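# Coordinates in review
Each chain, written out:
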Amino acid sequence: AKAATAYASAISYLAMGCNLLTADGWQMAQQIAFELHLHLADCEFVTGDIDSAERRLAVAASHSAKLSDLATIVGRQMILYTYQGRIEHAQTIAITCLQTMGVSLSAKPTDTDVEAEYRALLDNIGGRAIATLIDLPVMADEYWLNAINLLTELLGPAGVLNSNLLDLVLLR
């Protein structure tokens, strides 16, 4: 129903699925509970029930068993908070999650930080021609793909709040 943009029906079905989970549903069927809450929050958001979507995403974040799931939730929360104009909060939760994932970012990087990141990028490229980078293997690690997705979501808030952070995220 969600894929067909029948959001009212999707909300009904997804809410029913959430209600069918027992009290220990997050322990017994963590991935199912995660998917139900994630998709229900998406539907609530697009239909304008922002408060319910925010609460549901907070529940899903508190029960995330994998960092990749948490990164997915934080990405959704960033969209919601940016929509609400809470851009600094969106940036803060992204940076916190990325740090948990092993990606260290300062909320207020300096010009020196950006220059150091640029030099690190050039070192990683080495003497290779830019055109040869297309031949590198495609990244398939779900963990790092989620980190990259979160960095991508951070571009909007960083572009509004701090141009050095935007540059740092782009260089990563």
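This text follows the structure it describes.
Summarised in this report is the structure supplied together with it. Bear in mind that the values here come from a model prediction, so they are computed numbers and not experimental data.

So, on to the overall build of the chain. Regarding its fold elements, the chain presents nine helices and zero strands. Taking the principal axes of the C-alpha coordinates as reference, the chain spans close to 55 × 35 × 30 Å. Counting the 172 residues in the chain, one finds 36% classified as buried. Put simply, of all contacts in the chain between residues at least 6 apart along the chain, 63% involve residues at least 24 apart. In the form shown here, the chain has an accessible surface area of approximately 9,700 Å², with 58% of it arising from carbon and sulfur atoms.

The next point concerns a nonpolar patch on the surface. A grouping of M139, W144, L145 and I148 is seen on the molecular surface, where their side chains present a nonpolar patch of about 330 Å² in accessible area. Looking at the element boundaries, M139 is found in the loop between helix 7 (111-125) and helix 8 (142-161). Assessed through its relative accessible area of 38%, M139 is described here as partly exposed.

What follows covers helix 9 (residues 163-171). By the burial criterion, the buried members of helix 9 are N164, L165, L168, V169 and L171. One face of helix 9 carries all of its buried residues, which in axial projection span an arc of 165°. Looking at the packing, one finds that the buried side of helix 9 touches helix 6 (87-100), helix 7 and helix 8. Capping the start of helix 9, N162 holds a side-chain oxygen 2.9 Å from the backbone nitrogen of N164, two or three residues further along.

Further remarks concern the state of the cysteines. A covalent bond between the sulfur atoms of two cysteines is what we call a disulfide. As enumerated under the stated definition, the model contains zero disulfides in all. C43 supplies the cysteine sulfur nearest to C18, a cysteine that is in no disulfide, at a spacing of 11 Å. For C18, a relative accessible area of 12% corresponds to the buried category. With relative accessibility at 0%, the residue C43 sits in the buried group.

Once that is clear, we can look at the environment of A58. You can see A58 is positioned in helix 4 (residues 50-63). On the accessibility criterion, A58 (39% relative accessible area) is partly exposed. As a C-alpha pair, A58 and V74 span 16 residues in sequence and 9.1 Å in three-dimensional space.

Here we come to the packing of aromatic side chains. Applying the stated criterion across every chain yields a total of two aromatic pairs. With 5.4 Å between their ring centres and 80° between their planes, F45 and Y83 make a pair best called edge-to-face. Taken together, the residues F45 in helix 3 (residues 30-46) and Y83 in helix 5 (residues 67-83) connect sequence positions 38 residues apart. Residue F45 is classed as partly exposed on the basis of its relative accessible area, which comes to 23%. Ring geometry for Y143 and W144: centres 5.0 Å apart, planes at 85°, overall edge-to-face. Relative accessible area serves as the criterion here: at 26%, Y143 is assigned to the partly exposed category. A residue is classified by how much of its surface remains accessible, and W144, at 35% relative accessible area, is partly exposed.

What counts as what
- Residues numbered from 1 in each chain as written.
- Predicted model: local features only at pLDDT ≥ 70, side-chain atom pairs only at ≥ 80, totals over all residues.
- Heavy atoms only, no water.
- Helix = DSSP H or I, 4+ residues; strand = E, 2+ residues; numbered from the N terminus.
- Buried < 20%, exposed > 50% of the residue type's maximum accessible area, 1.4 Å probe, protein only.
- Contact = heavy atoms within 4.5 Å.
- Areas by Shrake-Rupley, 256 points an atom, 1.4 Å probe, with all protein chains shown as cover.
- Patch = residues over 30% accessible without salt bridge, like charges linked within 9 Å, V, L, I, M, F, W, Y side chains within 5 Å.
- Salt bridge = Lys/Arg side-chain N within 4 Å of Asp/Glu carboxyl O.
- Arc of directions from axis to C-beta.
- Polar contact = N/O pair within 3.5 Å; in protein donor to acceptor, adjacent residues only side chain to side chain.
- Disulfide = S-S within 2.5 Å.
- Phe/Tyr/Trp six-rings, centres within 6.5 Å; stacked < 30°, edge-to-face > 60°.

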